[in-house]
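Fold and contact review
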Amino acid sequence: MHRLIIIAQCAEEHFSNILKEMPLIFSDRVRLVFIDDSFMDIKYPVDSKYSFHWQRKDEMIRIDTAPHHNLLLTYPRHVNMGKENNIVENTITKIDNNIEENVKCVLGFVCLRLGN
């Protein structure tokens, strides 16, 4: 639960301008609702494993460390960009970053995509 609180506090403190409402903390994830009514579920069970799933009207973007796609240079980090089967290297997060650093990287990416 401590990790989820860190995620929620980081989002609220540094990215309130793109949040429509307060972060929601569930037992296994944090949900962020953005100003365009899209949402992101963030799971971060351990330092080296995470998933940021951003669901938009016509696309999804998932940044995670699931151990697939071992031919990518950023393995196990990868991004499902727009659709489930469009897999690209993850240049957004870093495996050595702490939770707050990766949350800031991902939410900075979201800011750019939202035009903020």
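Anyway, here's the lowdown on the structure attached to this text. (Residues numbered from 1 in each chain as written. Predicted model: local features only at pLDDT ≥ 70, side-chain atom pairs only at ≥ 80, totals over all residues. Heavy atoms only, no water.)

We now examine the nonpolar core. Residues Phe 34, Met 40, Phe 52 and Leu 107 are the most contacted members of the largest nonpolar core, which totals 29 residues. Of all the elements in the fold, those that place two or more residues in this core are helix H1 (2-15), strand E2 (30-33), strand E3 (39-46), strand E4 (49-55), strand E5 (60-64) and helix H2 (99-114). The element best represented in this core is H2, accounting for eight residues. Apart from residues lying up to four places away in sequence, Met 40 is in contact with Val 30, Arg 31, Leu 32, Phe 34, Phe 52, His 53, Trp 54, Val 106, Leu 107 and Val 110. (Core = buried A, V, L, I, M, F, W, Y, C linked by side-chain atoms within 4.5 Å. Buried < 20%, exposed > 50% of the residue type's maximum accessible area, 1.4 Å probe, protein only. Helix = DSSP H or I, 4+ residues; strand = E, 2+ residues; numbered from the N terminus. Contact = heavy atoms within 4.5 Å.)

Under the counting rule described, the total for this entry stands at five aromatic pairs. Between Tyr 44 and Phe 52 the ring centres are 6.2 Å apart and the planes differ by 90°, which places this aromatic pair in the edge-to-face class. Each member of the pair, Tyr 44 together with Phe 52, is buried. Aromatic ring contacts, followed pair by pair, group Phe 34, Trp 54 and Phe 109 into a single cluster. Here the basic side chain of Arg 29 rests over the ring of Phe 26, its NZ or CZ set 4.4 Å away from the ring centre. It is Arg 31 that lies over the ring of Phe 39; its NZ or CZ is 4.0 Å from the centre. (Phe/Tyr/Trp six-rings, centres within 6.5 Å; stacked < 30°, edge-to-face > 60°. Lys NZ or Arg CZ within 6 Å of the ring centre and 35° of its normal.)

The next point concerns the pairing of E2. One ladder, built from two bridges, connects strand E1 (residues 24-25) with E2; its direction is antiparallel. What sits directly across from Ile 25, in E2, is Val 30. In textbook terms, the turn of a hairpin is the stretch between consecutive antiparallel strands, and for E1 and E2 this stretch comprises four residues. One ladder, built from four bridges, connects E2 with E3; its direction is antiparallel. The residue of E3 that forms the bridge with Arg 31 is Asp 41. (Pairing = 2+ DSSP bridges.)

What follows deals with the sheet that holds E1. Across the sheet, which stays open at both edges, the seven strands sit in the order E1-E2-E3-E4-E5-E6-E7 with antiparallel pairing between neighbours. A single partner strand is all that each edge strand has here, and the edge strands are E1 and strand E7 (87-89). Two elements, strand E6 (residues 78-82) and E7, share three bridges in a ladder whose sense is antiparallel. Bridge pairing in E7 links Val 79 to Val 88.

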